[in-house]
Amino acid sequence: MASRNVGLLVGRCLRFVPKQTQQWKYLSTAHSLNSKQLQTEVQDGVGIITFNQPNSPVNTLNKAMDAEMDEALTTIYQNPAVKSVVLASAKPGCFIAGADINMISDCKTAQETEQLSIDGQKLLAMIEKSSKPTVAAIMGSCFGGGLEVALAAHYRIAVNNSKTNLGLPEVQLGLLPGAGGTQRLPKIVSVPNALDMALTGKNIKPVKAKKMGLIDATVEPLGPGLKPADVRTLEYLREVAITTAKGLAAGTLKKQPRKRNMVDKITDMMLQYSQGRDYVFNKAKSTVMKATKGKYPAPLEIIKVIRTGIEKGPDVGYAAESKGFGELRMTNESKSLIGLFHGSTEAKKNKFGKPKNEYKTLSVLGAGLMGAGIVQVSIDKGYKVLMKDMNSAGLARGQDQIYKGLNTAVKKRKITSFERDRTMSNVDATLTYDGFKDCDMVIEAVFEDIKIKHAVIQEVEKHIPEHCIFASNTSALPITEIAKASKRPENVIGMHYFSPVDKMPLLEIIATDKTSAEAKAAAVAVGLKQGKTIIVVKDGPGFYTTRILAPTLAEAIRCLQEGVGPKSLDKITKDFGFPVGTATLIDEVGVDVAAHVAEDLGKAFGVRHAGADVGVLKDMVSAGLLGRKANKGCFVYTPGAKDRVENEEALKIFKQYSVAPKAENTPEHVAMRLVSRFTNEAVMCLQDGILANAADGDVGAVFGLGFPPFLGGPFRFVDHYGADKLVDLMHRNRDMYGDQFLPCQLLLDVAKSGDKFHK
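This one's a predicted model, so the numbers in the text were calculated from it and none came from an experiment. (Residues numbered from 1 in each chain as written. Predicted model: local features only at pLDDT ≥ 70, side-chain atom pairs only at ≥ 80, totals over all residues. Heavy atoms only, no water.)

Caption draft 1: Expanded view of the overall build of the protein. Counting its secondary structure elements, the protein contains 31 helices and 20 strands. Taking 759 residues into account, the globule formula puts the C-alpha radius of gyration at 27 Å, and the protein, at 28 Å, falls close to it. Principal-axis analysis of the C-alpha atoms gives the protein an extent of 85 × 60 × 55 Å. For the protein, the computed accessible surface area is about 31700 Å², with 54% contributed by carbon and sulfur atoms. Taking the average location of the 99 positive side-chain charges in the protein and that of its 81 negative ones, the two points are 5 Å from each other. (Helix = DSSP H or I, 4+ residues; strand = E, 2+ residues; numbered from the N terminus. Rg over C-alpha atoms; globule rule 2.2 N^0.38 Å. Areas by Shrake-Rupley, 256 points an atom, 1.4 Å probe, with all protein chains shown as cover. Lys, Arg positive; Asp, Glu negative; His and termini not counted. Charge placed at Lys NZ, Arg CZ, Asp CG, Glu CD.)

Here it is as structure tokens:
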């Protein structure tokens, strides 16, 4: 239910969510010394430090790396034979991915975290203050502390390919750049660009980075030869960096200042005066407050620290940066976001191991919004996909959706037109089952009706090989019921995608008691290759995400019956931190879909999903008030109009089913009515074994339903809010509204013991 139309709205909150992603004497030109985290050598007067963290696809800044880097830099800079330095990586896909999050998580106090920042600042100051020109050779990911290392260098070169990205994503962990990034970046790029990078954590591609002044030069990648293309390119980058370092040392190459356009010149002039600085930084603060409603302290602290450095100089600026870094680490918001990072990292692993069979060819049944979306994220990752629909019009619509999605990536310069066309060649649109005999997995995305699902699985099994996995993209129908029509129920599994599939990160995989280990491993493997963040849940009505959303929407309908207007309800829930108001959510889901699921889950769970009169939704459906798809639901949607008005027809229905409020419906009271039911149902899912652990529950709620990331998910919310406090609130609401507010046993147990879901 939740997945169909709300993804773009949920995506608004995910911008602040974390995403994915170590003593010797002078060295001679003929000698190379190796350590655990890096290698150091000297070639023709150029000292080369190569980061190469063992047993890891990426390099990260940890205490071992920092210690070795300190020794290596000290040795190289003191070596009179060394005239210049190159900082490089031995990994084609990564320069330095950032600081080790565990190193930050291990800090127990603000002072300990602050000292971590101070140590990082001192280390990188050694690079910046050296009289020997230092060149950073960047290929692959260069994020956070990795970019701060590069910023400390005197010259930066990056490979111009799709895998090279630069950014400061610390804000997505509720932190700020803590190794000098807030102070160096505004001197290297314009202040507005520095603010934009630090406040959003966005990735910067090499061409744009060069234009901004973030890097000084780019090199084009090489094609394959005797060695793989990425290896040849990395070697070429190293050669260019060494030549550049020699030129800088000899004075034959001069670093060119950043080109400033008229806007840059005006901004720089404005920043010389307090009124101008007020304008620039207040504008940034206003933008942040509009986007976050003040729920995230890190962006505001970043603005403050950057301004401090500009106004009071680097010494005060660095001190403010390290102090802010330490204080932010202790906030609940940072703890929540770091918790989500750890949870989503685990959700990128296949806990079931590598599947025995190879899954190369997929089939997708249904070329509608969901089906075409699933095809797009599959062909984009190299899968060959058969896309089947009942008629040519449906296939054409699906192909058009996929092409538009890929073409958007071309317009944004994420891929080339050649790559778009090559990707499109991976899909074979068909009206028949020809070719299904070679399929390794079928994903059905047909209408949400159990009879249709049964008919589809029976027909498909006539044409697929015995090893083929059948996955259903259903948002609420129990997989156990769907599998009853199958000859091979052990091969049947649920793969619940969220729309739009190419933008929403979550994939909820549903396993029954009969689902084989191979089917689970295969589904996770395919989902991971598609780029998804995955939670695996046990089968049951509504699974996890739809099940926890349903009682929340029921309480929202009850509030509408009590006279809380749709606009007021939207404001209350958005002010709490949700990316989209609940009344709007009902319209986006579809009133007919909401009515259908409310009735089905109401039968399955009884009073716990009660509270509202489902007749409200049924009457809205009868009146044609189906939500946004019908241009009228709780609101009236006028094409081209920015504002929406409350739908008078809907208001009349709410009034017909009106009930007297049991208490004053203050914003806090209404918000906690909805959130407490959402959270209680999530805890109930853990109690029932639907969820394997609390971390999966947090990841699913945030990445699938838009639960406020700064709260970390329903389980971390309980930890911070207090289980005992939440139980008391629910008992009071139970006395007023009924047993739908009865806390589940696990929540009662946690409240009584004082324990936490996240230790």
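Let us keep going from here.
Caption draft 2: Structural view of the side chain of Asp696. As for its position among the elements, Asp696 is in helix α28 (residues 694–705). Lys351 is the oppositely charged side chain nearest to the buried, salt-bridge-free Asp696, at an N-O distance of 4.8 Å. Residue contacts for Asp696: discarding those within four places in its chain leaves Ile535, Val536 and Leu691. (Buried < 20%, exposed > 50% of the residue type's maximum accessible area, 1.4 Å probe, protein only. Salt bridge = Lys/Arg side-chain N within 4 Å of Asp/Glu carboxyl O. Contact = heavy atoms within 4.5 Å.)

Caption draft 3: Inspection of the environment of Leu553 at higher detail. With respect to the secondary-structure elements, Leu553 resides in helix α21 (residues 545–561). Judged by its relative accessible area of 8%, Leu553 falls in the buried class. Taking the C-alpha atoms as reference, Leu553 lies 8.6 Å from Ala583; in sequence the two are 30 residues apart.

Caption draft 4: Region of interest: the side chain of Thr582. One can find Thr582 in helix α23 (residues 582–589). When residues no more than four places from it in sequence are discounted, the contact partners of Thr582 are Leu553, Ala556, Leu569, Asp570, Thr573 and Leu674.

Caption draft 5: Highlighting the packing of aromatic side chains. Scanning all chains against the criterion turns up 11 aromatic pairs. Seen from their ring centres, Phe51 and Phe95 are 5.9 Å apart, and the 90° between their planes marks the pair as edge-to-face. Residue Phe51 is found in strand β3 (residues 46–51), and its partner Phe95 is found in strand β5 (residues 94–96); the two are separated by 44 residues along the sequence. Exposure class is identical for Phe51 and Phe95. Each is buried. Taking the centre distance of 5.3 Å and the plane angle of 75° together, the rings of Tyr296 and Phe710 count as edge-to-face. Of this pair, Tyr296 sits in the loop between α11 (274–292) and α12 (297–312) while Phe710 sits in the loop between α28 and α29 (714–721), and the two are 414 residues apart along the sequence. In this structure an aromatic cluster arises from ring pairing among Phe576, Phe578, Phe678, Phe707, Phe717 and Tyr721. The ring of Tyr433 has Lys388 sitting right over it, with the charged end atom 4.7 Å from the ring centre. (Phe/Tyr/Trp six-rings, centres within 6.5 Å; stacked < 30°, edge-to-face > 60°. Lys NZ or Arg CZ within 6 Å of the ring centre and 35° of its normal.)

Caption draft 6: Structural context of the pairing of strand β2 (residues 38–43). Extensive coverage of β2 is indicated by the burial of 5 of its 6 residues. Sheet topology note: the β2/β3 ladder contains 6 bridges and is antiparallel. For Thr40, the partnering residue across the bridge sits in β3 and is Ile49. In textbook terms, the turn of a hairpin is the stretch between consecutive antiparallel strands, and for β2 and β3 this stretch comprises 2 residues, one of which, Asp44, has a positive phi near 50°. (Pairing = 2+ DSSP bridges.)

Caption draft 7: The sheet that holds strand β13 (residues 427–430), seen in detail. Spatially, 8 strands are ordered β13-β12-β11-β14-β15-β16-β17-β18 in an open sheet, and the strand pairing comes out mixed. Looking at strand neighbours, the two that pair on one side only are β13 and β18 (533–538), the edges of this open sheet. Neighbour-to-neighbour, the strand axes of the sheet open up by a mean angle of 25°, direction not taken into account. Two strands pair when backbone bridges link them, and strand β11 (residues 361–365) and strand β14 (residues 441–444) are joined in this way by 4 bridges, in the parallel orientation. Within β14, the residue paired with Leu362 across the bridge is Met441. Docked against the sheet, helix α16 (residues 392–411) engages β12 (384–388) and β13, running at close to 140° with respect to β12. (Axes fitted to C-alpha atoms, helices over the stretch in contact; angles between N-to-C directions.)

Caption draft 8: Region of interest: the pattern of salt bridges. All told, the structure shown has 39 salt bridges when counted by the stated rule. Note that Asp278 and Arg307 form a salt bridge whose closest N and O atoms lie 2.5 Å from each other. In this pair, Asp278 is assigned in helix α11 and Arg307 in helix α12, connecting sequence segments 29 residues apart. What makes Asp278 partly exposed here is its relative accessible area of 32%. Accessibility expressed as a relative area gives 18% for Arg307, which makes it buried. Glu448 is the partner of Lys453 in a salt bridge, and the nearest nitrogen-oxygen pair spans 3.5 Å. For Lys453, a relative accessible area of 1% translates into the label buried. Taking relative accessible area as the criterion, Glu448 reaches 19% and is therefore assigned buried. Each of Glu555, Arg558, Glu562, Arg673 and Arg677 takes part in a single network of salt bridges with overlapping partners.

Caption draft 9: Structural view of helix α27 (residues 667–687). Under the 1.5 Å per step criterion, the end-to-end length of α27 is 30 Å for 21 residues, consistent within 8% with the ideal 30 Å. Most of α27 is tucked away, with 18 of its 21 residues classed as buried. (Expected span 1.5 Å × (residues − 1).)

Caption draft 10: Representation of helix α15 (residues 369–379) within the structure. The element α15 is largely enclosed, with a buried count of 10 among its 11 residues. Looking at α15, one finds that the buried residues are Met370, Gly371, Ala372, Gly373, Ile374, Val375, Gln376, Val377, Ser378 and Ile379.

Caption draft 11: Focus on the sheet that holds β5. Strands sit in the order β5-β7-β9 across an open sheet of 3 strands; the sheet is parallel. In this open sheet, the two edge strands, each paired with only one partner strand, are β5 and β9 (165–167). Adjacent strand axes in the sheet meet at a mean angle of 15° when their direction is disregarded. In terms of strand pairing, strand β7 (residues 141–143) meets β9 through 3 bridges, oriented parallel.

Caption draft 12: Layout of the packing of α11 against α12. Contact geometry for α11 and α12: axes closest at 10 Å, N-to-C directions at 165°. Considering the angle they form, α11 stands roughly antiparallel to α12. The two elements α11 and α12 meet at a crossing, and its hand is right-handed. Here Ser274, Arg277, Asp278, Phe281, Ala284, Lys285, Val288 and Met289 of α11 come into contact with α12, specifically with Pro299, Leu300, Ile303, Ile306, Arg307, Ile310 and Glu311. Within the contact of α11 with α12, the residues separate by chemical class into 9 nonpolar, 1 polar and 5 charged. (Parallel < 35°, antiparallel > 145°, perpendicular 65-115°, else oblique. Left-handed = near helix turned anticlockwise from the far one by under 90°. Nonpolar A, V, L, I, M, F, W, Y, C, P; charged D, E, K, R; others polar.)

Keep in mind these numbers describe shape, not what the thing actually does.
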